[in-house]
Amino acid sequence: MLLHGDGDGNVGHRRHWGQNDLEAPIVPVASAGGPLPILCQRVSLPAPYRSPHSQDHSQGFAMTRTYQPSKIRRARTHGFLVRMKTRGGRAVINARRAKGRKRLAV
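Remember, predicted model here, so these are calculated numbers, not experimental data. (Residues numbered from 1 in each chain as written. Predicted model: local features only at pLDDT ≥ 70, side-chain atom pairs only at ≥ 80, totals over all residues. Heavy atoms only, no water.)

Draft legend 1. How the structure looks around the overall build of the protein. The helix and strand inventory of the protein stands at three helices and two strands. The order of helices and strands in the protein, counted from the N terminus, is β-β-α-α-α. Burial analysis of the protein (106 residues in total) assigns 7% to the buried set. Restricting the contact set of the protein to residue pairs at least 6 apart, pairs at least 24 apart contribute 21%. For the protein, the accessible area works out to roughly 9700 Å², and carbon and sulfur atoms hold 56% of it. (Helix = DSSP H or I, 4+ residues; strand = E, 2+ residues; numbered from the N terminus. Buried < 20%, exposed > 50% of the residue type's maximum accessible area, 1.4 Å probe, protein only. Contact = heavy atoms within 4.5 Å. Areas by Shrake-Rupley, 256 points an atom, 1.4 Å probe, with all protein chains shown as cover.)

Encoded structure:
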């Protein structure tokens, strides 16, 4: 039984059942009397996926955001001296110099 598509097995990329769909898909289910006739009924899907970063404070805690800015950490990772230590870093500095960048590093 074809649930969706154009009949040739080509299913559109927008027809995937996810958390934003309001209805469950219709799937064939055999009746109690045997394999025929086939009845169509709605099946329940698992609960929608909840991101750990969603704003649900019902459990008393909130996840922090991924980026927690720190000037020292940023300089130690992307700073001029760190770039000059390695061959690849020096290439980055030289490429930025050649392009005319005002800031070569953080």
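The discussion continues.
Draft legend 2. Region of interest: helix 3 (residues 87–99). With 13 residues, helix 3 extends 18 Å between its outermost C-alpha atoms, agreeing within 8% with the 18 Å of an ideal straight helix rising 1.5 Å per residue. In the stretch just after helix 3, Gly-100 is the one whose phi turns positive, near 90°. (Expected span 1.5 Å × (residues − 1).)

Draft legend 3. Structural context of the environment of Phe-80. In this structure, Phe-80 sits in helix 2 (residues 80–85). Residues Phe-80 and Arg-90 lie ten residues apart in sequence; the distance between their C-alpha atoms is 9.1 Å.

Draft legend 4. Structural context of a nonpolar patch on the surface. A contiguous nonpolar patch, built from Phe-80, Leu-81 and Met-84 and spanning about 290 Å² of accessible area, is present on the exposed surface. One can find Leu-81 in helix 2. (Patch = residues over 30% accessible without salt bridge, like charges linked within 9 Å, V, L, I, M, F, W, Y side chains within 5 Å. Salt bridge = Lys/Arg side-chain N within 4 Å of Asp/Glu carboxyl O.)

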